[in-house]
Amino acid sequence: MQLLDVDMVFLMATLMLLALGTTMIFSSSYFLSKETSGNSLAMIMKHFFHLGLGTVVMALIIRTDYRKFNTQKFVMAMLGAGILLCILCFVPGIGIEAGNAKRWVRLVVISLQASEFLKIALIFYLAYFLTRKEKRLEDFTNGILPMLVIIGICYLLILAEPDFGTASIIGLWSIIVLFAGGMKMKHLGWLSLVCIPAVILVMIMEPYRVRRLLAFWDPWNDIQGISYQIVQSMVAFANGGLFGSGLGESTQKMFFLPAPHTDFIFSVLGEELGFLGVSAALLLYGLWIWRGLTIAMSTKDSFGFYLALSAISLVALQAVVNMSVSMSIFPTTGVTLPFLSYGGSSIMTVFIISGIVLSVSRGARI
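Everything quoted here is computed from the prediction, not taken from an experiment. (Residues numbered from 1 in each chain as written. Predicted model: local features only at pLDDT ≥ 70, side-chain atom pairs only at ≥ 80, totals over all residues. Heavy atoms only, no water.)

### Some thoughts on the overall build of the protein chain
So, step 1. What the protein chain contains, in helices and strands, is twelve helices and three strands.
So, step 2. Against the compact-globule benchmark of 21 Å for 366 residues, the protein chain has a radius of gyration of 20 Å, which places it among compact chains.
So, step 3. Dimensions of the protein chain, computed from the C-alpha atoms along their principal axes, are close to 55 × 55 × 45 Å.
So, step 4. Residues classed as buried in the protein chain amount to 51% of the 366 residues present.
So, step 5. Expressed as a percentage of contacts within the protein chain between residues at least 6 apart in sequence, the contacts between residues at least 24 apart total 71%.
So, step 6. The centroid of the 24 positive side-chain charges in the protein chain is displaced by 10 Å from the centroid of its 19 negative side-chain charges. (Helix = DSSP H or I, 4+ residues; strand = E, 2+ residues; numbered from the N terminus. Rg over C-alpha atoms; globule rule 2.2 N^0.38 Å. Buried < 20%, exposed > 50% of the residue type's maximum accessible area, 1.4 Å probe, protein only. Contact = heavy atoms within 4.5 Å. Lys, Arg positive; Asp, Glu negative; His and termini not counted. Charge placed at Lys NZ, Arg CZ, Asp CG, Glu CD.)

Below you can see the structure in the form of structure tokens.
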């Protein structure tokens, strides 16, 4: 069968991460779902719908030769659509405001997070232009600068929502991919000199970001205020110990830990499954990343290499940031954990990304 002519190790790692995510979403959302909708199973049933839809989308992508996406018309259409969706977030009646942020758009009967679609568009954009400019990447003006302009526009749009976490991930991820593609070290140095002060300026311009940074530096100074999320997350890991309190037995998810089914689902996993469960999750992510990079290295063309590399590195970076926030290694920022966090847009993104990598793996075998 055509769908089985893919890298089975990567496919199995994908399915195991999805299974772990489904288990943790059911556990972490049970009480919250009952509180918000009156039905304890409302969120998990919606998640099952997204799993079914995502499976179909991933299967269609796998069956499609990834080389068909290597056209300027397709890439620019995707990028244009992603940028348009981000702009629509600010249009009354279309954009959806939640928690003082405008990150969602309502399109007829569906709602989606615009930045998630833009991530997919940028994966194709970087792969396409790196393929065509890989011999000119040492030329900053004609090679790197045009891509940085597009990335900068995307960064500013997401930052304006505001979504500092996602914007920062996209900015850092883009530079990582460009450097892997052949950007010179001196260009990376100049970019760092410009970008690092700019990011610091963006952080200190918003008082709540400064407070989050101070809370990260000394979380015990205001445990009922700005440090509340960090402290409750650390309590969850402490409760878990080596073996965990048991699946479904988390106490922190019972309205102590904010967003236990999305941003802090890794904390619930740590409490219920303990250090051993956290280690198993890290091993699964490591297997997925390692096999994805192996697929990238085995491709016969540059487009497939950059496509797989961009896709894998984006998920890896976001996972590292989310886990680091949960364990108080990074300051608090609202990004989901790929595969594990609840959310239709988030889960569809990992299905699409996995489908892209599996399509590349299938192409490498043909």
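### Details of the pattern of salt bridges
So, step 1. Counted under the stated rule, the structure contains four salt bridges.
So, step 2. Residue Arg291 is joined to Asp7 by a salt bridge in which the shortest nitrogen-to-oxygen separation is 2.8 Å. Of this pair, Arg291 sits in helix H10 (residues 265-298) while Asp7 sits in the segment before helix H1 (8-37), and the two are 284 residues apart along the sequence. The burial state of Arg291 is the same as that of Asp7; both residues are buried. (Salt bridge = Lys/Arg side-chain N within 4 Å of Asp/Glu carboxyl O.)

### With respect to the packing of aromatic side chains
So, step 1. This model, assessed by the stated rule, comprises 13 aromatic pairs.
So, step 2. Between the aromatic rings of Phe26 and Tyr30, the centroid separation amounts to 6.0 Å while the plane-to-plane angle is 80 degrees, which identifies the pairing as edge-to-face. Of this pair, Phe26 and Tyr30 both sit in helix H1, four residues apart, roughly one helical turn.
So, step 3. Take Phe26: its relative accessible area is 38%, and that puts it in the partly exposed class.
So, step 4. An aromatic cluster is defined as three or more aromatic residues linked by ring pairs; in this entry it consists of Phe10, Tyr285, Trp288 and Phe339. (Phe/Tyr/Trp six-rings, centres within 6.5 Å; stacked < 30°, edge-to-face > 60°.)

### Brief notes about the sheet that holds strand E1 (residues 95-98)
So, step 1. One open sheet holds the three strands; their spatial order is E1-E2-E3, and the pairing between them is antiparallel. In the strand order of this sheet, the two ends are held by E1 and strand E3 (110-113), each with one partner. Within this sheet the neighbouring strands show an average axis-to-axis angle of 35 degrees, counted without direction.
So, step 2. The pairing of E1 with strand E2 (residues 101-107) spans four bridges and is antiparallel. The residue of E2 that forms the bridge with Glu97 is Lys102.
So, step 3. Contacting E2 and E3, helix H4 (residues 114-133) crosses the sheet at an angle of about 65 degrees to E3. (Pairing = 2+ DSSP bridges. Axes fitted to C-alpha atoms, helices over the stretch in contact; angles between N-to-C directions.)

### Observations concerning the side chain of Thr14
So, step 1. By the secondary structure assignment, Thr14 is in helix H1.
So, step 2. Discounting residues that sit within four places of it in the chain, Thr14 has contacts with Trp288, Phe339 and Ser354.

### Digging into helix H3 (residues 72-88)
So, step 1. Compared with the 24 Å implied by 1.5 Å per residue over 17 residues, the 24 Å span of H3 between its first and last C-alpha is a close match.
So, step 2. Turning to H3, its buried residues are Val75, Met78, Leu79, Gly82, Ile83, Leu85, Cys86 and Leu88. (Expected span 1.5 Å × (residues − 1).)

### A few points about the side chain of Thr22
So, step 1. Tracing the chain through its elements places Thr22 in helix H1.
So, step 2. For Thr22, the contacting residues outside a window of four places in its chain are Ile44, His47, Phe48 and Leu51.

### Structural notes on the pairing of E3
So, step 1. Bridging between E2 and E3 involves four bridges; their strand directions are antiparallel. The residue bridging Arg106 from the neighbouring strand is Ser111, located in E3.
So, step 2. Two successive antiparallel strands, E2 and E3, enclose a turn made up of two residues, where Val108 displays a positive phi of approximately 60 degrees.

### What about the packing of H3 against H4?
Each pair of packed helices can be summarised by the angle the axes make with each other and by the distance between the axes.
So, step 1. In contact at an axis separation of 8 Å, H3 and H4 are set at 150 degrees when each is read in the N-to-C sense. By the angle between their axes, H3 is roughly antiparallel relative to H4. By crossing handedness, the relation of H3 to H4 is classed as left-handed. Taking contact as the criterion, the partners of Gln72, Phe74, Val75, Met76, Met78, Leu79, Ala81, Gly82, Ile83, Leu85 and Cys86 in H3 are, on H4, Ala114, Ser115, Phe117, Leu118, Ile120, Ala121, Leu122, Phe124, Tyr125, Tyr128 and Phe129.
So, step 2. When grouped by side-chain class, the residues that make up the contact of H3 with H4 number 19 nonpolar, three polar and no charged. (Parallel < 35°, antiparallel > 145°, perpendicular 65-115°, else oblique. Left-handed = near helix turned anticlockwise from the far one by under 90°. Nonpolar A, V, L, I, M, F, W, Y, C, P; charged D, E, K, R; others polar.)

### Brief notes about a nonpolar patch on the surface
So, step 1. Side chains of Ile196, Ile200, Leu201, Ile204, Met205, Val210 and Leu214 sit close together on the surface and give an oily, nonpolar patch of about 690 Å² of accessible area.
So, step 2. Those elements giving two or more residues to the nonpolar patch turn out to be helix H7 (185-205) and helix H8 (207-217).
So, step 3. The topology assignment puts Leu201 in helix H7.
So, step 4. The class for Leu201 is partly exposed, based on a relative accessible area of 48%. (Patch = residues over 30% accessible without salt bridge, like charges linked within 9 Å, V, L, I, M, F, W, Y side chains within 5 Å. Areas by Shrake-Rupley, 256 points an atom, 1.4 Å probe, with all protein chains shown as cover.)

### Overview of the environment of Lys73
So, step 1. Residue position: Lys73 is located in helix H3.
So, step 2. Assessed through its relative accessible area of 74%, Lys73 is described here as exposed.
So, step 3. The sequence separation of Lys73 and Pro207 amounts to 134 residues, and the corresponding C-alpha distance is 42 Å.

### Some words on the nonpolar core
So, step 1. Membership of the largest hydrophobic core comes to 104 residues, with the highest contact counts inside it found for Phe124, Tyr125, Leu178, Trp288, Leu307 and Phe339.
So, step 2. When neighbours within four sequence positions are excluded, Phe124 is seen to be in contact with Phe69, Phe74, Val75, Met78, Phe303, Leu307 and Ile356. (Core = buried A, V, L, I, M, F, W, Y, C linked by side-chain atoms within 4.5 Å.)

### Some details on the environment of Gly181
So, step 1. Along the chain, the position of Gly181 falls in helix H6 (residues 164-181).
So, step 2. Taking relative accessible area as the criterion, Gly181 reaches 11% and is therefore assigned buried.
So, step 3. Taking the C-alpha atoms as reference points, Gly181 and Gly225, 44 residues apart in sequence, are found 44 Å from one another.
So, step 4. Residues in contact with Gly181, not counting those within four places in the same chain, are Leu137 and Tyr306.

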